[in-house]
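Letter by letter, the chains look like this.
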Amino acid sequence: MQVPDKVMPVFLKKVVGLLPAKPPAWLLVNTLNQLLRKQILLADMSLLAGRCFRIVVTDLGLNLCFSATEKHFVMGDAAAMVDLCLSANTADFMKMLLRQEDPDTLFFNRKLKIEGDTELGLVVKNSLDSIDWSTIPVMKSLVGQ
């Protein structure tokens, strides 16, 4: 299944902007921790510990803030300074996760914005690249394997 080059409707961004940011950030943190526990996400947590991250889904107006300890990911403070911020629209994040587009290609085509510590960005990119999505039933059905 190819992800279409669509941007979410503006009204959806307005609706999402009215909602609290914590539930989607909580979902992201818990998903990352599940992937760590099941050894699907092979992240070297010592390289991420003490760092603050922000994921911005531009067409939805979502700002997901989180940080890392030596053992797991935790909810972050939206007002805190972040070490790394990744911004893209929904379709481009999905393409990256489904490996339909390489993060480098998205970056050079100005579809993925990376701000902050570039070395940390490379660590995060490599950690995401290490995930075997075929081991996750929901993602397996999306990928079509």
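A few points on the structure. Every value quoted in this text rests on a predicted model; they were computed, and no experiment measured them.

**A word on helix α2 (residues 22–37)**
Between its first and last C-alpha atoms α2 spans 22 Å; for 16 residues at 1.5 Å apiece the expected length is 22 Å, and the two agree. Within the sequence span of α2, burial applies to A25, V29, L32, N33, L35 and L36. The arc that holds every buried residue of α2, seen down its axis, measures 160°, which confines them to one face. Facing away from the buried side of α2 by over 90 degrees, the exposed positions are W26, L27 and R37. Those residues of α2 that are buried lie in contact with α3 (45–48), β2 (62–68) and β3 (73–75). Directly beyond the C-terminal end of α2, a positive phi value near 55° is found at Q39.

**Some words on the layout of surface pockets**
Taken as a whole, the largest pocket spans an internal volume of roughly 950 Å³. Every residue lining the largest pocket is counted, 34 residues in all, and those nearest its centre are L28, L32, I55, L64 and L97. When contributions to the lining of the largest pocket are tallied by element, the ones reaching two or more residues are α2, β1 (52–57), β2, β4 (84–88), α4 (90–97), α6 (118–129) and α7 (137–143). At 6 residues, the largest contribution of residues to the lining of the largest pocket is made by α2. Along the lines of polarity and charge, the residues of the lining of the largest pocket split into 30 nonpolar, 3 polar and 1 charged. Here the second largest pocket is characterised by a volume of approximately 240 Å³. As for the second largest pocket, its lining consists of 15 residues, and the residues nearest its centre are D104, I114, G121, L122 and K125. Contributions of two or more residues to the lining of the second largest pocket are made by β4, α5 (103–108) and α6.

**So, the packing of aromatic side chains**
Applying the stated criterion across every chain yields a total of 3 aromatic pairs. Ring centres of F53 and F66 lie 5.3 Å apart, and the angle between their planes is 20°; this geometry places the pair in the stacked category. One end of the pair, F53, is in strand β1; the other, F66, is in strand β2, with 13 residues separating them in the sequence. Of the residues examined, F53 reaches a relative accessible area of 4% and is grouped as buried. Of the aromatic side chains, those joined through ring pairs into one cluster are F53, F66 and F73.

**Section: the side chain of R54**
Residue placement: R54 occurs in strand β1. One buried charged residue, R54, remains without a salt bridge, the closest side chain of opposite sign being D77 at 7.4 Å. Setting aside anything within four residues of it in sequence, one finds R54 in contact with N63, L64, C65, A78, A80, V82, L84, C85 and L86.

**Side note on unusual backbone geometry**
One non-glycine residue, Q39, lies in the positive phi region at around 55°. Tracing the chain through its elements places Q39 in the loop between α2 and α3. The phi torsion at R99 lies on the positive side, around 60°, for a residue other than glycine. Note on placement: R99 falls in the loop between α4 and α5. Residue classification places R99 among the partly exposed residues on the basis of a relative accessible area of 43%.

Criteria and cut-off values
- Residues numbered from 1 in each chain as written.
- Predicted model: local features only at pLDDT ≥ 70, side-chain atom pairs only at ≥ 80, totals over all residues.
- Heavy atoms only, no water.
- Helix = DSSP H or I, 4+ residues; strand = E, 2+ residues; numbered from the N terminus.
- Expected span 1.5 Å × (residues − 1).
- Buried < 20%, exposed > 50% of the residue type's maximum accessible area, 1.4 Å probe, protein only.
- Arc of directions from axis to C-beta.
- Contact = heavy atoms within 4.5 Å.
- 1 Å grid on protein atoms, 1.4 Å probe; cavity = no way out; pocket = protein on both sides within 12 Å on 5 of 7 lines; lining within 4 Å.
- Points joined across faces, edges and corners; volume = space filled by probe spheres on them.
- Nonpolar A, V, L, I, M, F, W, Y, C, P; charged D, E, K, R; others polar.
- Phe/Tyr/Trp six-rings, centres within 6.5 Å; stacked < 30°, edge-to-face > 60°.
- Lys, Arg positive; Asp, Glu negative; His and termini not counted.
- Salt bridge = Lys/Arg side-chain N within 4 Å of Asp/Glu carboxyl O.

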